[in-house]
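Listed below, chain by chain, are the residues.
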Amino acid sequence: MSLVSERIGQFFHDGHRLEFTEYGGGDRWVVLLHGQLMPRRMHQPLARHLAAQGHHVVTLDLLGHGRSDRPDDPLLYSMTAFGEQVIALLDELGADTAVIGGTSLGANTSLEVATLAPERVRGLLLEMPVLDNALEAGILAFAPLLFASRFVPLSVSALRAVTRAVPRGLVPFWTGIALDTMDQRPAPMAAAIHGIFFGRIAPSSRMRQRIQAPAMVVGHPSDPIHPAADAAMLAGEMPHARFVEARSILEWRARPARLSGLASDFVAECFAREAVPRSVGS
């Protein structure tokens, strides 16, 4: 793979600092968004792959994640607010349009961007969206984290102290991502989980059906929090979407060649076609 330039940047949105990394250059913009509580670095392998194909890729730490600010007010966290942060990022970069994509939380945020500013979206690269079939499993997975951060904050702080002591350069890449994900502070963590799960998880089905951007939707088998049924349903709702089934939950992490290749082809197709017209109504 070709070497690509990497630059760290920051901007301020509604008084909060957000940090991002740029890979490569040019005007074929791609924005990749992380999963809940995870850092933007999780998309470094895909970002480097796409940048080596000539795309200008940006990974963003949404509010409350990674190296961006982490306020402890639940009212600041919502899918709509995350979508607005991505649009502000495009404005900061001077990018008229971009392929927007992400994993889990990042996929749902991408849908919000397509609803809020459809004229800015060249395409959607969506992995593991969290929709109707994932609600109960999502609550079961994140409710204990909310309880721990609210009522047993010492447990979160202690885990943070342990994980921060591990040098990231001495562990495998995905072990480092797991350690970064556990590097949380109790109050901001509780605020982020509370704000996300007690707000709108995603645009409604009616709104999703009006998204005109081309989309590649990746679903995983045997994943209770991100059922493949949700990904397949979403691909069926959007008029210009395709569904891709991963071979396992870990395929894109452990053996990324197939899915990264499909993603690269999809992004190239998005920039080879005319800009998508604005969707009608919301």
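Residues numbered from 1 in each chain as written. Predicted model: local features only at pLDDT ≥ 70, side-chain atom pairs only at ≥ 80, totals over all residues. Heavy atoms only, no water.

1. Structural notes on the sheet that holds strand β3 (residues 29-33)
Part 1: Across the sheet, 8 strands lie side by side as β1-β2-β4-β3-β5-β6-β7-β8; this open sheet has mixed pairing. The strands lining the two open edges of the sheet, one partner per strand, are β1 (6-13) and β8 (241-245). The mean angle between the axes of side-by-side strands here comes to 20°, regardless of whether they run parallel or antiparallel.
Part 2: Relative to strand β4 (residues 56-60), β3 is paired through 5 bridges, and the arrangement is parallel. Across the sheet, Val 30 pairs through a bridge with Val 57, a residue of β4.
Part 3: Here helix α11 (residues 257-272) sits on the sheet and contacts β3, β5 (98-103), β6 (121-127), β7 (215-219) and β8; the angle it forms with β6, its principal contact strand, is near 165°. (Pairing = 2+ DSSP bridges. Helix = DSSP H or I, 4+ residues; strand = E, 2+ residues; numbered from the N terminus. Axes fitted to C-alpha atoms, helices over the stretch in contact; angles between N-to-C directions. Contact = heavy atoms within 4.5 Å.)

2. Things to note about the UniProt feature "domain: AB hydrolase-1" (unreviewed entry) in the chain
Part 1: Listed under "domain: AB hydrolase-1" (unreviewed entry) in the UniProt record, and renumbered for this structure, are residues 29-244.
Part 2: Secondary structure content for residues 29-244 is 46% helix and 15% strand, while the C-alpha to C-alpha distance between its ends is 22 Å. (UniProt positions renumbered as here; feature names shortened; annotations may be inferred.)

3. Some words on helix α9 (residues 228-237)
Part 1: Those residues of α9 lying buried are Ala 228, Asp 230, Ala 231, Leu 234, Ala 235 and Glu 237.
Part 2: Buried residues along α9 sit in contact with α3 (105-116), β6, α8 (205-208), β7 and β8. (Buried < 20%, exposed > 50% of the residue type's maximum accessible area, 1.4 Å probe, protein only.)

4. Some details on α11
Part 1: In this model, α11 (16 residues) spans 22 Å end to end at C-alpha, consistent with the 22 Å of a helix rising 1.5 Å per residue.
Part 2: For α11, the set of buried residues is Leu 259, Ser 260, Ala 263, Ser 264, Phe 266, Val 267, Cys 270 and Phe 271. One side of α11 carries all its buried residues, which in axial view fall inside an arc of 165°. Residues of α11 that are exposed and point over 90 degrees away from its buried face: Ala 257 and Ala 272. (Expected span 1.5 Å × (residues − 1). Arc of directions from axis to C-beta.)

5. Observations concerning the packing of helix α1 (residues 44-52) against α11
Each pair of packed helices can be summarised by the angle the axes make with each other and by the distance between the axes.
Part 1: Direction vectors running N to C along α1 and α11 enclose 50°, while the axes themselves pass 10 Å from each other. Judged by the inter-axis angle, α1 sits oblique to α11. Helix-helix and strand crossings are classified by hand; for α1 and α11 the assignment is right-handed. Here Leu 46, His 49 and Leu 50 of α1 come into contact with α11, specifically with Ser 260, Gly 261, Ala 263, Ser 264 and Val 267.
Part 2: A breakdown of the residues in the contact of α1 with α11 according to their chemical character gives 4 nonpolar, 4 polar and no charged. (Parallel < 35°, antiparallel > 145°, perpendicular 65-115°, else oblique. Left-handed = near helix turned anticlockwise from the far one by under 90°. Nonpolar A, V, L, I, M, F, W, Y, C, P; charged D, E, K, R; others polar.)

6. Considering the packing of aromatic side chains
Part 1: The final tally for this structure, using the stated rule, is 5 aromatic pairs.
Part 2: Geometrically, the ring pair formed by Phe 11 and Phe 20 is tilted, given 6.1 Å between the ring centres and 50° between the ring planes. Each member of the pair, Phe 11 as well as Phe 20, carries the same accessibility label: buried. (Phe/Tyr/Trp six-rings, centres within 6.5 Å; stacked < 30°, edge-to-face > 60°.)

7. Describing the pattern of salt bridges
Part 1: Counted by the stated rule, this structure contains 18 salt bridges.
Part 2: For the salt bridge of Glu 19 with Arg 67, the shortest nitrogen-to-oxygen distance reads 3.1 Å. One end of the pair, Glu 19, is in strand β2 (residues 16-23); the other, Arg 67, is in the loop between β4 and α2 (79-93), and 48 residues separate them in sequence.
Part 3: Here Glu 19 falls in the buried class, since its relative accessible area comes to 4%. (Salt bridge = Lys/Arg side-chain N within 4 Å of Asp/Glu carboxyl O.)

8. Quick word on the side chain of Gln 44
Part 1: Among the structural elements, Gln 44 can be located in helix α1.
Part 2: Excluding residues within four positions of it along the chain, Gln 44 makes contact with Tyr 23 and Phe 173.

9. Describing the pairing of β8
The two faces of a sheet get side chains in turn, since along a regular strand they alternate between them.
Part 1: As judged from the 5 bridges shared by β7 and β8, these two strands associate in the parallel manner. Across the sheet, the residue bridging to Ala 215 is Ala 241, located in β8.
Part 2: Crossover handedness for the path β7 to α9 to β8: right-handed. (Right-handed = clockwise from strand over helix to strand, strands pointing away.)

10. Regarding the environment of Asp 96
Part 1: Checked against the element boundaries, Asp 96 lands in the loop between α2 and β5.
Part 2: Sequence separation between Asp 96 and Trp 29 is 67 residues; the distance between their C-alpha atoms is 8.9 Å.
Part 3: Residue contacts for Asp 96: discarding those within four places in its chain leaves Glu 119 and Arg 120.

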